[in-house]
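# Fold and geometry: a report
Chain residues, written in single-letter form:
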Amino acid sequence: MHQHGPTLPYDTAWAIITLLTAPDEAALVRIWARENRNGPAGVHYDNWHELSPAERKRRRSWLQRHGRSPVQLLQVEASLILSTGLHVLDWSPPPEDTAQRTAKTQHRSDDTPHP
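This text gives an overview of the structure that appears in the document. (Residues numbered from 1 in each chain as written. Predicted model: local features only at pLDDT ≥ 70, side-chain atom pairs only at ≥ 80, totals over all residues. Heavy atoms only, no water.)

This part takes up helix H3 (residues 53–66). At 3.6 residues per turn, the α-helix brings residues three or four places apart onto the same side. The end-to-end C-alpha distance of H3 is 20 Å, a good match for the 20 Å that 14 residues give at a rise of 1.5 Å each. The inward-facing, buried residues of H3 abut helix H4 (70–74). Looking one or two residues beyond H3, the residue adopting positive phi is glycine 67, at roughly 80°. (Helix = DSSP H or I, 4+ residues; strand = E, 2+ residues; numbered from the N terminus. Expected span 1.5 Å × (residues − 1). Contact = heavy atoms within 4.5 Å.)

Here you go:
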């Protein structure tokens with residue numbers, strides 16, 4: 001929670017850690033998520049442009065060191081999060097990362113032979 005920031009509530013952090021450390025407890029997380037709905041199920045992303053400059057700087061620094069958000073580093077399957085009904089708000093990538101990925105994808109598709 002400390003590393004992720006204020007968009008990860010305590011109870012959601014508990015649920016994610018429970019799924020990671022005790023996958024057999026998915027039924028418990030499913031019941032809890034049903035009783036404590038805080039949004040649509042699955043992993044969703046916040047809006048980078050709505051973050052404060054200090055938060056953007058903090059996240060850029062984290063991403064330079066670790067390459068992924070704290071939630072992504074846990075490597076909990078997105079399908080497991082979805083199936084339990086849990087709503088997780090994760091970090092959106094910085095705009096230049098999105099642009100770089102789009103450019104790489106476009107470059108690859110340009111190299112693909114066309115029939």
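Our focus in this paragraph is the nonpolar core. In this structure, Ile16, Leu19, Ile81, Leu86 and Val88 are the most contacted members of the largest nonpolar core, which totals 14 residues. Setting aside residues no more than four positions away along its own chain, leucine 86 makes contact with Thr12, Ala15, Ile16, Leu19, Trp32, Ala33, Pro40, Ala41, Gly42 and Ile81. (Core = buried A, V, L, I, M, F, W, Y, C linked by side-chain atoms within 4.5 Å. Buried < 20%, exposed > 50% of the residue type's maximum accessible area, 1.4 Å probe, protein only.)

On to unusual backbone geometry, then. At glutamine 75, a residue that is not glycine, the phi angle is positive and equals roughly 60°. Residue position: glutamine 75 is located in the loop between H4 and helix H5 (78–84). By relative accessible area, glutamine 75 is classed as exposed at 54%.

This brings us to the pattern of salt bridges. Applying the stated rule across the entire model yields four salt bridges. Residue arginine 59 pairs with aspartate 46 through a salt bridge whose shortest N-O separation is 2.7 Å. Of this pair, arginine 59 sits in helix H3 while aspartate 46 sits in the loop between strand S1 (42–45) and H3, placing them 13 residues apart in sequence. For the residue pair arginine 59 and aspartate 46, the accessibility class agrees, reading buried in each case. The partner of glutamate 96 in a salt bridge is arginine 60, with the nearest N and O atoms 1.9 Å apart. Here arginine 60 lies in helix H3 and glutamate 96 lies in helix H6 (residues 95–111), a separation of 36 residues in the sequence. Connected through shared salt-bridge partners, Asp46, Glu55, Arg58 and Arg59 make up one network. (Salt bridge = Lys/Arg side-chain N within 4 Å of Asp/Glu carboxyl O.)

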